[in-house]
Amino acid sequence: MTDKNILYIGYYYKNDVIEQRNSAPYISQAGMNKMNFLRKVFEAAGYHTYIFSNAWTSSRSFRKYKGFWSKEDPDVYYSGIFGAPVFNALSCIHSGKRFIREFMKTHTLDYVVFYNMRWETSSLARYIQKKYKVPIILEYEDGLEIDQNNSRIKRNFYANLEQKVKNRINGAILVNSMLREKFVCPSMVSRGGTIQQEGSMPCPPENEPKKFLFASTLDDQRGLTVLLEAMEHLKADCKLLITGRGELEDKLKEVKDERIEYLGYLSYEDYCKVLKDADVCICAQRAKASFGQVSFPSKIFEYMSAHKLVITSDVADASEYLKDVALVYTEDDPKRLAACMQEAIDIYDDKERHDYYERQIEACIRENSVEETAKTFQDFVAEMDTL
């Protein structure tokens, strides 16, 4: 085992804690996938990775849980927590400080990576930085201070927190290149990661309706309304499969278009089966929403890993980064999305264009692999260590 160590502070769940705390509603599968990917990156870069997980429970359960090492993953420690408003976070912070005091008696740390600018993750990272002089790295995933799914009070809280913390971090792993303007410290960009899978881009029969997949939170910010309007403009015979949950679920159930099938909220295993059967995957996250400038849909790389043709909005830096790999539409325009959907159908009916996109997807998979991202991470921490 390497003698170089990273502590990753975030939200990580195995079945042992999910069953204990009824945590399933608080799990972000996309976030878990990104965390698993970066964990592999750190290992490939030569660092053993420990995880301190703020394993969430209902803030209305009013139950207290002790922290414990996972029985399913010996490098994961779950925070203690008390399920009550505000005390959820406070108890995680308290548990984290108690954990790190014991942990540092027998371990050393080269870096702490903390997930997003949240109170409970940033507070523990800053505590370790001040007490043990360990450099801390922010993994910036979403702009919590402008996410419309958060209340105004929470957005203001996160905005103030970011101002206090961002000038104290030693480095940042950013979800898109546009965020570099926010931080003066060394940084690297990791929009998402690819895991090489067997297979190739689908070759459905020419006369068979193509299958589109939209898997996301069902709200306007993630572009569901844009997609449904696009289907009104698209006249082609196709199938649109939708999975997820959110505030627009009832509206989706009222749609009469027989080409649209709502599958409900699927387990990750069932979702992977649907993904395997799809021809084209759609990311319709609204680019014009302020949230779109401080995030990036990492699911795109999950789709690429599965060798799928992707249609995406020009969210964040997608237009520049994916211009030769995916079909990118602009202006959150339903008609332009519909045109991309028709173009995707046409690509499958044109072997030369199909093979071109297959090669581009394979190149994207290699570029965003664990091995290549590990090289970027090594260069990033080398720069950070010179300051």
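Residue positions are given per chain, counting from 1 as you read along its sequence in written order. Only residues with pLDDT of at least 70 are given local features in this predicted model, and only at 80 or more are side-chain atom pairs given and counted; all residues enter the totals for whole chains, interfaces and linings. Side-chain descriptors were evaluated using all non-hydrogen atoms of the structure, hydrogens and water having been removed beforehand.

### Describing the overall build of the protein
Okay, step 1: Regarding its fold elements, the protein presents 13 helices and 16 strands.
Okay, step 2: For the protein, whose C-alpha radius of gyration is 21 Å, the value lies close to the compact-globule estimate of 21 Å for 387 residues.
Okay, step 3: C-alpha extents for the protein along the principal axes are approximately 65 × 45 × 40 Å.
Okay, step 4: Think of it in three bands: residues with accessible area under 20% of the maximum for their type are buried, residues over 50% are exposed, and the middle band is partly exposed, with areas taken using a 1.4 Å probe on protein chains only. Looking at the protein residue by residue over its 387 residues, the buried ones come to 56%.
Okay, step 5: The long-range share in the protein, meaning contacts at least 24 apart out of those at least 6 apart in sequence, stands at 71%.
Okay, step 6: Accessible surface is estimated by sampling points in the Shrake-Rupley manner with a 1.4 Å probe; for residues, cover comes only from the protein chains shown. Of the accessible surface of the protein, which amounts to about 17700 Å², a share of 48% is contributed by carbon and sulfur atoms.
Okay, step 7: Put simply, the protein has 53 plus and 58 minus side-chain charges, and the middle of one group is 9 Å from the middle of the other. Secondary structure elements are taken from DSSP: a helix is a run of H or I of four residues or more, a strand is a run of E of two residues or more, and numbering for both begins at the N terminus. Here the radius of gyration uses the C-alpha set of atoms, whereas the globule reference equals 2.2 Å times the residue count to the power 0.38. Residue contacts are defined here by distance: any two heavy atoms, one from each residue, within 4.5 Å place the two residues in contact. Only four residue types enter the tally: Lys and Arg on the positive side, Asp and Glu on the negative side; His and the chain ends are excluded. Charge positions are represented by NZ for Lys, CZ for Arg, CG for Asp and CD for Glu.

### Here's the deal with a nonpolar patch on the surface
Okay, step 1: A cluster of nonpolar side chains, Val86, Phe87 and Leu90, forms an exposed patch at the surface whose accessible area comes to about 280 Å².
Okay, step 2: Inspection of the secondary structure puts Leu90 in helix H3 (residues 87-103). Patch membership is restricted to residues that have no salt bridge and whose relative accessible area is over 30%. Joining uses 9 Å for like charges and 5 Å for the nonpolar side chains Val, Leu, Ile, Met, Phe, Trp and Tyr. Salt bridge, as applied in this entry: a Lys or Arg side-chain nitrogen positioned within 4 Å of an Asp or Glu carboxyl oxygen.

### Considering the sheet that holds strand E9 (residues 171-174)
One key point about sheets: their strands pair by backbone hydrogen bonds, in either a parallel or an antiparallel sense.
Okay, step 1: Any two strands with at least two DSSP-identified bridges between them are counted as paired. Reading across the sheet, the eight strands line up as E4-E5-E2-E1-E7-E8-E9-E10 and stay open at both edges, with mixed pairing between neighbours. Of all strands in the sheet, those with a lone pairing partner are strand E4 (68-69) and strand E10 (187-189), marking the two edges.
Okay, step 2: Sheet topology note: the strand E1 (residues 5-10)/strand E7 (residues 111-115) ladder contains four bridges and is parallel. Opposite Ile6, over in E7, you have Tyr111 as the bridge partner.

### Quick word on the environment of Lys288
Okay, step 1: Position of Lys288 among the secondary structure elements: in the loop between strand E14 (280-283) and helix H9 (299-305).
Okay, step 2: The contact partners of Lys288, leaving out residues within four places of it in the chain, are Glu331 and Asp332.

### Quick word on helix H8 (residues 268-277)
Okay, step 1: Of the residues making up H8, those classed as buried are Tyr271, Val274 and Leu275. The buried residues of H8 all sit within an arc of 100° when viewed along its axis, so they share a single face. When the buried face of H8 is taken as reference, the exposed residues oriented beyond 90 degrees from it are Glu269, Lys273 and Lys276.
Okay, step 2: Residues of H8 that are buried sit in contact with strand E11 (210-215), strand E12 (238-243), E14 and H9. Taking the helix axis as origin, the arc is that swept by the directions to the C-beta atoms.

### Focus on the nonpolar core
Okay, step 1: Residues enter a nonpolar core if they are buried and are Ala, Val, Leu, Ile, Met, Phe, Trp, Tyr or Cys, with the set joined through side-chain atoms within 4.5 Å. Core analysis: the biggest nonpolar cluster contains 94 residues, and Leu7, Phe212, Ile282 and Ile311 have the highest contact counts within it.
Okay, step 2: Per-element accounting of this core gives the leading share, eight residues, to helix H11 (residues 334-348).
Okay, step 3: Beyond its immediate chain neighbours, meaning those up to four positions away, Phe212 contacts Cys238, Lys239, Leu240, Leu241, Val280, Ile282, Ile311, Met341, Ala344 and Ile345.
Okay, step 4: Counting residues in each nonpolar core, the second largest holds 38 residues, with Tyr8, Val113, Ile173 and Ala374 among its members.

### Comments concerning the pairing of E14
Okay, step 1: Burial along E14 is two-sided: Val280 and Ile282 and Cys281 and Cys283, pointing in opposite directions, are all buried.
Okay, step 2: Relative to E14, E11 runs parallel, the two sharing two bridges. From the neighbouring strand, Phe212 faces E14, where its bridge partner is Val280.
Okay, step 3: Relative to strand E15 (residues 309-313), E14 runs parallel, the two being bridged by four bridges. What sits directly across from Cys281, in E15, is Val310.

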